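If you want the building blocks of each chain, they are given just below.
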Amino acid sequence: DTEKIIQTQLWAMQDLKYRDFQCKLMPTVTPNTVIGVRTPELRKYAKELAKKPEANQFLKILPHKYYEENNLHGLIIMESKDYGSCIGELERFLPYIDNWATCDMLRPKILSKHLPELLEKIYQWLASEDTYIVRLAIGFLMSFYLDDGAYQREYLAKVSEVSSKEYYVRMMVAWYFATAL
């Protein structure tokens, strides 16, 4: 089955020292769910897998057991060449993001070609109660809307209106303003 084949591939790429290092950086992730696959290897695997029918099967499997499966899921979404399917897959995946690293990795290039439509989604996500959905929305504003062509003062106001006691949201707000300045 697709899930077992992918898990076997991930375990074959395991780096124990990297796993231990990663676990220290992600206190919200249960250590026994981290395999320890380096990001460049995971990106390469995602690019290969995204071209195969198994990728679509894998995207239907939620929730995932391992941190790297979630990252692989996100990386496959990032390979999308169609805005509609990318947003659809993001919407399905967002509730399962449980850490800053998976959240911050998600920056599908196709989104940069659809900024007006994406902005509507970002504003919806900013209103979410979910820490990582809000963090992703701010990250998208930071990544796609701070250059001269897309920048609007209203985006600063939207981010400043985000009120959260969640550390990972507050840090993203700070990062956004530091980058904007």
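Since the model is a prediction, treat every value here as computed from it, not as a measurement.

Caption draft 1: Representation of the packing of helix α1 (residues 2–12) against helix α5 (residues 67–78). Put simply, α1 and α5 touch, their axes get as near as 10 Å, and they point 105 degrees apart. The angle between the axes of α1 and α5 places the two elements in the roughly perpendicular class. Across from Glu-3, Ile-6, Gln-7 and Leu-10 in α1, the residues of α5 making contact are Glu-68, Glu-69 and Leu-72. For the contact of α1 with α5, the residue count by class is three nonpolar, one polar and three charged.

Caption draft 2: Here's a closer look at the pattern of salt bridges. This model, assessed by the stated rule, comprises six salt bridges. The residue Glu-79 makes a salt bridge to Lys-47 at a minimum N-O spacing of 3.3 Å. A residue pair is termed long-range when its members are at least 10 positions apart, and Glu-79 in the loop between α5 and α6 (83–93) and Lys-47 in helix α3 (residues 39–50) qualify at 32 residues. By relative accessible area, Lys-47 is classed as partly exposed at 44%. Across the salt bridge formed by Asp-104 and Arg-135, the nearest N and O atoms sit 2.6 Å from each other. Here the residue Asp-104 occupies a position in helix α7 (residues 100–105), and Arg-135 occupies one in helix α9 (residues 131–144), the gap between them amounting to 31 residues. Asp-104 sits in the buried class, given a relative accessible area of 17%.

Caption draft 3: Local environment of the packing of helix α10 (residues 153–160) against helix α11 (residues 167–180). Contact pair α10 / α11: the axes reach a minimum separation of 10 Å and the direction vectors enclose 155 degrees. On the basis of their axis angle, the class for α10 and α11 is roughly antiparallel. Crossing handedness for the pair α10 and α11: left-handed. For the pair α10 and α11, contact is made by Tyr-155, Leu-156, Val-159 and Ser-160 and by Val-173, Tyr-176, Phe-177 and Ala-180, respectively.

Caption draft 4: Main features of the packing of aromatic side chains. Per the counting criterion, the structure on display carries eight aromatic pairs. With a centroid separation of 5.5 Å and an interplanar angle of 90 degrees, the aromatic rings of Trp-11 and Tyr-66 are classed as edge-to-face. You can see Trp-11 sitting in helix α1 and its partner Tyr-66 sitting in the loop between α4 (53–59) and α5, a full 55 residues away along the chain. The exposure class assigned to Trp-11 is partly exposed, which follows from its relative accessible area of 37%. The class of Tyr-66 is buried, set by a relative accessible area of 9%. In this structure, Lys-158 packs its charged tip against the face of Tyr-123, placed 4.6 Å from the ring centre.

Each value, and the rule that gives it
- Residues numbered from 1 in each chain as written.
- Predicted model: local features only at pLDDT ≥ 70, side-chain atom pairs only at ≥ 80, totals over all residues.
- Heavy atoms only, no water.
- Axes fitted to C-alpha atoms, helices over the stretch in contact; angles between N-to-C directions.
- Helix = DSSP H or I, 4+ residues; strand = E, 2+ residues; numbered from the N terminus.
- Parallel < 35°, antiparallel > 145°, perpendicular 65-115°, else oblique.
- Contact = heavy atoms within 4.5 Å.
- Nonpolar A, V, L, I, M, F, W, Y, C, P; charged D, E, K, R; others polar.
- Salt bridge = Lys/Arg side-chain N within 4 Å of Asp/Glu carboxyl O.
- Buried < 20%, exposed > 50% of the residue type's maximum accessible area, 1.4 Å probe, protein only.
- Left-handed = near helix turned anticlockwise from the far one by under 90°.
- Phe/Tyr/Trp six-rings, centres within 6.5 Å; stacked < 30°, edge-to-face > 60°.
- Lys NZ or Arg CZ within 6 Å of the ring centre and 35° of its normal.

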